[in-house]
Amino acid sequence: MKRLSGILNTAVGIALMGLASTALADIRVMCYQDGNECEVTADLIKRYEAQNPGARVILDTVPYKTVVEQLPIQLAAGQGPDIARVAEIGGLSKNYIDIAPYVKDRKYWEDNFGSTLPWMRNKAGDKGIYGFLSQLTMTGPFVNKTLFEQAKIPLPGPKATWDEWADAARKVAKATQTPAAMAWDRSGHRFAGPAVSFGAKIFDAKGNVALDDGYKTAVGKFVAWHKDGTMLKDVWGGSGGSSYADTVGEFKNGRLVMILSGSWQINRMQKEIGNAFDWVAVPNPCGPAACSGMPGGSAWVALKTTKSPKEVGRFLDFMAQEAQVAEFASRTNSIPAHAGVAKKGVAYPSAGPAAQAALGVFTSGTATLAPAAYALQGYKYNRALMLPTVTRVTQAIVGEISVDEAVTKIGADMAEAVKQAEK
């Protein structure tokens with residue numbers, strides 16, 4: 001009987017060990033970082049594990065290229081991590097798993113992440129929770145304040161229009177012999193903010209892609225500014241196809257008065273410009289419809305490849321709580337996507353005065369983001385919509401096609417791109 005009792009005890013022990021390992025299954029997190037995001041996440045993971053004895057979260061820090069190119073292949077093969085930090089949020093949405101059953105308070109998520117939760121949903125009417133934005137980004141301008149001071153020209157006010165900014169930047173460039181007044185990142189995403197401000201809606205009443213007069217107005221102004229020398233032609237005209245080019249390199253070298261880039265460049269500006277000149281972020285200029293930039297960001301998402309949805313849900317619920325969100329934003333110098341944290345404000349002790357001021361401008365600017373901008377960013381095929389603008393607008397800038405032809409071709413290319421993406 002003792003031997004039988006021992007066997008039974010051993011069997012029970014093994015069974016209990018199995019249950020324990022199931023309840024506290026390891027989860028893997030794929031993370032890329034622009035700065036120190038994964039390093040901060042590693043510290044938060046230690047806190048989570050300390051609060052949840054037996055839990056183990058394995059963090060794999062990878063290049064951004066791995067997330068863009070390798071993660072989709074892994075997911076298509078039914079492999080991959082449990083959680084990933086992604087920037088192409090809508091395009092991967094078919095691979096997400098709903099963690100709503102595993103979060104403590106659904107209302108908390110809706111109240112604080114409600115404007116961006118739809119970005120992760122794959123179809124209309126979907127109410128699932130698939131993750132949350134680790135940080136919100138926003139497109140917007142940076143200005144060389146030193147050049148304005150040298151030219152003795154005041155900065156336009158917070159409600160200034162794009163035309164007023166172009167006029168002021170032209171005067172500064174002329175007075176200071178700066179090569180050009182403005183440039184926008186060579187990106188359909190960057191172009192979309194001003195387009196929305198000029199009245200572009202992107203989608204019709206049925207939700208189909210439909211370019212309108214607002215979009216055409218934006219293309220017309222942008223091309224005209226290149227032809228009259230307001231825009232530095234090298235950024236858009238210096239590349240072919242839909243390849244990306246940013247403007248910070250030209251800006252830091254003193255060749256531009258004003259650029260349109262985004263909040264994610266703040267750390268880079270602080271590091272690479274240093275004390276060379278004074279720079280400031282300014283509110284997005286206005287068009288007749290809005291004073292909007294484009295939202296964006298990176299999201300922690302739960303993936304269908306996980307075999308431990310409960311643990312994934314518990315960990316993401318921990319990461320989404322106010323204390324963790326505030327610390328992540330503070331230590332990474334990023335804008336929180338959490339409404340409560342944004343309202344209270346975030347301290348940025350590692351940011352210099354210019355960076356702190358810029359973060360404040362961008363955080364405040366989230367209130368002016370137009371509904372059309374959120375709709376475009378949340379569209380699951382938004383990447384397919386962004387690329388044709390770059391290709392066709394560049395052709396108009398260099399004189400290969402007219403503005404009217406560019407807009408017609410952009411519309412056709414977008415429709416085809418969506419058709420291909422749906423396959």
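Since the structure is predicted, the reported quantities are computational estimates derived from the model, not experimental observations. (Residues numbered from 1 in each chain as written. Predicted model: local features only at pLDDT ≥ 70, side-chain atom pairs only at ≥ 80, totals over all residues. Heavy atoms only, no water.)

S.K.: Run through the pairing of strand β6 (residues 256–262), naming residues and quoting values.
M.R.: Most of β6 sits inside the fold, with 7 of its 7 residues counted as buried. As judged from the 5 bridges shared by strand β4 (residues 131–144) and β6, these two strands associate in the antiparallel manner. In the sheet register, G140 faces β6, and the bridge partner there is S261. Here strand β5 (residues 180–184) pairs with β6 via 4 bridges, running parallel. Residue pairing in the sheet places A183 in a bridge with I259 of β6. (Buried < 20%, exposed > 50% of the residue type's maximum accessible area, 1.4 Å probe, protein only. Helix = DSSP H or I, 4+ residues; strand = E, 2+ residues; numbered from the N terminus. Pairing = 2+ DSSP bridges.)

S.K.: Residue-level account of unusual backbone geometry, with values.
M.R.: A positive phi angle is found at Q177, which is not glycine, with a value near 55°. At N333, a position not held by glycine, the phi torsion is positive, near 55°. Mapping N333 onto the fold places it in the loop between α13 (322–332) and α14 (339–344). Judged by relative accessible area, N333 falls into the buried class, the value being 8%.

S.K.: Could you give an account of the state of the cysteines, naming the residues involved and the relevant values?
M.R.: Two cysteines joined by a covalent bond between their sulfur atoms form a disulfide. Per the stated rule, a full pass over the model turns up 2 disulfides. With cysteine numbering restricted to those in disulfides and following the sequence, the protein has the pairing 1-2, 3-4. (Disulfide = S-S within 2.5 Å.)

S.K.: Report on the domain arrangement of the protein, specifying residues and quantitative values.
M.R.: Here the domain parsing of the protein yields domain 1 (27–136 + 297–354) and domain 2 (138–295 + 362–422). Taking only C-alpha atoms into account, the centre of domain 1 sits 28 Å from that of domain 2. Taken together, the contact pairs 17 residues of domain 1 with 14 residues of domain 2. Summed over both sides, the interface of domain 1 with domain 2 buries roughly 1400 Å², with 55% coming from carbon and sulfur. Ranking the residues of domain 1 by area buried against domain 2 places W119, L136 and I335 at the top, with a combined share of 38%. Scanning the region where domain 1 abuts domain 2 turns up 0 salt bridges. Considering only residue class, the side of domain 1 that touches domain 2 consists of 6 nonpolar, 10 polar and 1 charged. (Domains from an automatic or database assignment. Contact = heavy atoms within 4.5 Å. Buried area = accessible area lost by both parts, 1.4 Å probe. Salt bridge = Lys/Arg side-chain N within 4 Å of Asp/Glu carboxyl O. Nonpolar A, V, L, I, M, F, W, Y, C, P; charged D, E, K, R; others polar.)

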